[in-house]
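Descriptive analysis of the structure
So you can see what is in the structure, the chains are spelled out below.
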Amino acid sequence: QVQLVESGGGLVQPGGSLRLSCAASGFTFSLYAMNWYRQAPGKERELVAGISRGVGITNYADSVKGRFTISRDNAKNTVYLQMNSLKPEDTAVYYCNVFRGSNWWGQGTQVTVSS
């Protein structure tokens, strides 16, 4: 059974950084693209970043380009999201995602950017 466990969220001041991690199990991690989504209060869930299987081609939402970096470690079955220059509008619950027959989600980790 697919399991995704996010960690690394918290409270950070504007301009600060956080690194999110997502530990995956229950499937052959290296064979699947992985994604990070986020959902702010009162808003729909949106794709933040994705990384392909294999060579790890990445894609980003325009709102985070140049500030966020997605990466993966296939040996550790883990995907990361390095978030720099954080803004209050980045405040949201961040979810790890994989599509394996259907969408699978972690429980989410809260990121709050506030002074």
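Scroll up a little and you will see the structure.
First, a word on scope: everything that follows refers to the structure included in this document. (Residues numbered from 1 in each chain as written. Predicted model: local features only at pLDDT ≥ 70, side-chain atom pairs only at ≥ 80, totals over all residues. Heavy atoms only, no water.)

Let's talk about the state of the cysteines
Counted only if it meets this: The definition used for a disulfide is geometric: two cysteine sulfur atoms within 2.5 Å. Secondary structure elements are taken from DSSP: a helix is a run of H or I of four residues or more, a strand is a run of E of two residues or more, and numbering for both begins at the N terminus. Only protein chains enter the area calculation, which uses a 1.4 Å probe; residues under 20% of their type maximum are buried, those over 50% are exposed, and those in between are partly exposed.
This structure, assessed with the given rule, holds 1 disulfide. The disulfide partner of Cys 22 is Cys 96, and the gap between their sulfur atoms is 2.1 Å. Of note, the bridge from Cys 22 to Cys 96 carries an S-S torsion of about -80° and is left-handed in sense. One end of the pair, Cys 22, is in strand β3 (residues 18–25); the other, Cys 96, is in strand β9 (residues 92–99), with 74 residues separating them in the sequence. One exposure class covers both Cys 22 and Cys 96, and it is buried.

Focus on the packing of aromatic side chains
Test applied: Centres within 6.5 Å are what make two rings of Phe, Tyr or Trp a pair, Trp counting through its six-membered ring; a difference in plane orientation under 30 degrees is then read as stacked, over 60 as edge-to-face, and the rest as tilted. Remark: a charge is flagged as sitting over a ring if the NZ atom of Lys or the CZ atom of Arg is within 6 Å of the ring centre and within 35 degrees of the ring normal.
The tally for this structure, following the rule as stated, stands at 4 aromatic pairs. Residues Phe 27 and Phe 29 carry aromatic rings whose centres are separated by 6.3 Å and whose planes lie at 50° to one another, so their mutual orientation is tilted. Overall, the relative accessible area of 10% leaves Phe 27 in the buried class. Given a relative accessible area of 1%, Phe 29 falls into the buried group. Between Tyr 95 and Trp 105, the ring centres sit 6.4 Å apart and the planes meet at 85°, which makes this aromatic pair edge-to-face. Highlighted residues: Tyr 95 in strand β9 and Trp 105 in strand β10 (residues 103–105), separated in sequence by 10 residues. Taken together, the ring pairs in this structure connect Phe 27, Phe 29 and Tyr 32 into an aromatic cluster. The positively charged end of Arg 45 is found above the aromatic ring belonging to Tyr 95, 3.8 Å away from the centroid. The residue whose ring lies beneath Arg 45 is Trp 105, and the NZ or CZ to ring-centre distance is 4.5 Å.

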